[in-house]
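Chain residues, written in single-letter form:
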Amino acid sequence: MASDGSGVRGMYKRFKPHVLMVLTQIGYTFLYLITKTSFNHGLNPHVFITYRHIVGGLAMFPFAYFLERKERPKLTIALFAEIFILSLLGVGLTLNMYFASLRYTSPTFVSSIANTVASLTFVLAIALRLEKLDVRNPRGVAKVLGTLISLAGVMAMTLYKGSVLRNLWHPLIRIQGSTDAIHESWVKGSILAVASCISWSIFYIMQAYTLKRYPAQLSLTAWMSFIGATQSAAFTILVEHKAAAWTVGFNIDLCSIIYSGVVCSGLIVFSQLSVTKERGPVFVTMFNPLSTLLVAVLAYFVLGEKLYVGSVAGGAVVIFGLYLLLWGKEGDQEAQIKPEEAYLTYEEPKGPNPQTLISDGKVIRVKGEP
């Protein structure tokens, strides 16, 4: 019985990061679609980001205050400045450019190009020695080739749009609003999307360093939401001079703000911080292709979203390159056997040996033997 319990706990601990990241991508899938609807309805992307993070901060604050009261480090000026920069990378720059690009392109394009975050994060992690790279090993070569192939796919998506794929049937759900800007500002949206991915990659790398000095993940999530909301509000005031843009009615706009604030800026960011602390920044970005597939299916078959040959071909190349990178990355996981991840069980003494310690079915230490 003890062995079964240890095995279940071991399996849960091993696959919990995978489950969290899959749920994260499902959450992002609905985010792409609901925000696209809101933007077509007239919601300003920068106002949306500001309100979203206010909601996220308010949702996480009670949990951060009560659950991490004893383990929360003292917030020094230097640490606050670090969190301020982290918020600027993750909210002020990344999300403002990211959702502005969604306004000019499409959910499928934006979710596809976001797959490059994994490759860019890997390159930065190698440069900063957060990841290992052995080019003499086939898996090390796979990491390099996967990164280059992914980046090539992004260039294809950005520079080549191609013809429109014909819809098989009428959309089950029709999004109201004008979509003319999609055709007129595709290049502008592409540039914004690529720039946001670069900023996003730096954000993930910096997370790993900040978590070492401020391991209170709930508190860090709340701080980033509040600081990011302030930064976004300041930026919005500079670019949006109409007071009416800040008005949100009881419609899809309010739903998108509440959903993205509580789920995406709150729960998802907290989950990513937890997994980053446990598995590193590259692991967190590995699951982006899942949301790409989900968004493409929902946008094309349910919403009647137009798909372009360049987006489909480039997206396929990006995903192939990313999973080549994942195959290479898996070698690191197999090589690193952490003591806390081993499945440990104890056998009752039988014979002269008082106790035998078993890991994954193998005797690794016997007490009482010479």
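Here, the structure is the one placed above.
Please read these numbers as outputs of a predicted model, since none were measured by experiment.

Asker: When you look at the overall build of the chain in this model, what are you seeing that I'm missing?
Answerer: Looking only at helices and strands, the chain features 13 helices and 5 strands. Going through the 370 residues of the chain one by one, you find that 47% of them count as buried. Counting only contacts in the chain whose residues sit at least 6 apart along the sequence, the fraction spanning at least 24 positions is 85%. Working note: accessible area of the chain is about 18,600 Å², and carbon and sulfur atoms make up 68% of it.

Asker: Please explain the packing of aromatic side chains as it appears in this structure.
Answerer: Aromatic ring pairs are defined here through the distance separating the ring centres and the angle between the ring planes. Taken as a whole and judged by the stated rule, the model has 8 aromatic pairs. Judged by centre distance (5.9 Å) and plane angle (85°), the rings of Phe80 and Trp223 are edge-to-face. One end of the pair, Phe80, is in helix α3 (residues 77–104); the other, Trp223, is in helix α9 (residues 217–239), with 143 residues separating them in the sequence. Residue class for Phe80 comes out partly exposed when judged on its relative accessible area of 35%. Ring pairs connect the aromatic residues Tyr98, Trp200, Phe203 and Tyr204, which therefore count as one cluster. Between the NZ or CZ atom of Arg139 and the centre of the ring of Trp327, over which it lies, the distance is 4.3 Å.

Asker: Sorry, what's going on with the packing of helix α2 (residues 45–67) against α3 here?
Answerer: In helix packing, the relevant descriptors are the interaxial angle and the interaxial distance, both defined with respect to the helix axes. Where α2 contacts α3, the axes come no closer than 9 Å and their chain directions differ by 135°. As summarised for this structure, α2 and α3 are arranged oblique, according to the angle between their axes. Seen along the crossing, α2 lies across α3 with a hand that is right-handed. Here Pro45, His46, Phe48, Ile49, Arg52 and His53 of α2 lie close against α3, whose contacting residues are Val91, Leu95, Asn96, Phe99, Ala100 and Arg103. Per-class residue counts for the contact of α2 with α3 are 7 nonpolar, 3 polar and 2 charged.

Asker: Looking at this model, I keep getting lost on α2. Mind explaining?
Answerer: Because each turn of an α-helix spans 3.6 residues, side chains separated by three or four positions end up pointing in the same direction. Here α2 contains 23 residues, and its C-alpha end-to-end distance of 33 Å stays within 8% of the 33 Å for a straight helix at 1.5 Å per residue. Listed as buried for α2 are Pro45, His46, Val47, Phe48, Ile49, Thr50, Arg52, His53, Gly56, Gly57, Met60 and Ala64. Its side-chain oxygen placed 2.8 Å from the backbone nitrogen of His46, Asn44 serves as the N-cap of α2.

Asker: I'm lost on the environment of Phe61 in this one. Help?
Answerer: Considering the arrangement of structural elements, one finds Phe61 in helix α2. With 157 residues separating them in the primary sequence, Phe61 and Leu218 have C-alpha atoms 7.9 Å apart. Residues in contact with Phe61, not counting those within four places in the same chain, are Ala222 and Phe226.

Asker: Can you walk me through the pattern of salt bridges in this structure?
Answerer: Any two side chains of opposite charge can pair if their charged atoms end up close together. Applying the stated criterion across every chain yields a total of 2 salt bridges. Between Arg213 and Glu82 there is a salt bridge, with its nearest N and O atoms 3.0 Å apart. Here Glu82 lies in helix α3 and Arg213 lies in helix α8 (residues 186–213), a separation of 131 residues in the sequence. Judged by its relative accessible area of 13%, Glu82 is buried. Its salt-bridge partner being Asp134, residue Arg136 comes within 3.2 Å of it at the nearest N-O pair. Relative accessible area serves as the criterion here: at 77%, Arg136 is assigned to the exposed category.

Asker: Looking at this model, I keep getting lost on a nonpolar patch on the surface. Mind explaining?
Answerer: A cluster of nonpolar residues, Met11, Phe15, Val19, Val22, Leu23, Ile26, Phe30 and Leu294, forms a patch on the protein surface that exposes about 650 Å² of accessible area. With 7 residues, the top contributor of residues to the nonpolar patch is helix α1 (residues 2–41). On the secondary structure map, Phe15 appears in helix α1. Classification of Phe15 as partly exposed rests on a relative accessible area of 34%.

The rules we used
- Residues numbered from 1 in each chain as written.
- Predicted model: local features only at pLDDT ≥ 70, side-chain atom pairs only at ≥ 80, totals over all residues.
- Heavy atoms only, no water.
- Helix = DSSP H or I, 4+ residues; strand = E, 2+ residues; numbered from the N terminus.
- Buried < 20%, exposed > 50% of the residue type's maximum accessible area, 1.4 Å probe, protein only.
- Contact = heavy atoms within 4.5 Å.
- Areas by Shrake-Rupley, 256 points an atom, 1.4 Å probe, with all protein chains shown as cover.
- Phe/Tyr/Trp six-rings, centres within 6.5 Å; stacked < 30°, edge-to-face > 60°.
- Lys NZ or Arg CZ within 6 Å of the ring centre and 35° of its normal.
- Axes fitted to C-alpha atoms, helices over the stretch in contact; angles between N-to-C directions.
- Parallel < 35°, antiparallel > 145°, perpendicular 65-115°, else oblique.
- Left-handed = near helix turned anticlockwise from the far one by under 90°.
- Nonpolar A, V, L, I, M, F, W, Y, C, P; charged D, E, K, R; others polar.
- Expected span 1.5 Å × (residues − 1).
- Polar contact = N/O pair within 3.5 Å; in protein donor to acceptor, adjacent residues only side chain to side chain.
- Salt bridge = Lys/Arg side-chain N within 4 Å of Asp/Glu carboxyl O.
- Patch = residues over 30% accessible without salt bridge, like charges linked within 9 Å, V, L, I, M, F, W, Y side chains within 5 Å.

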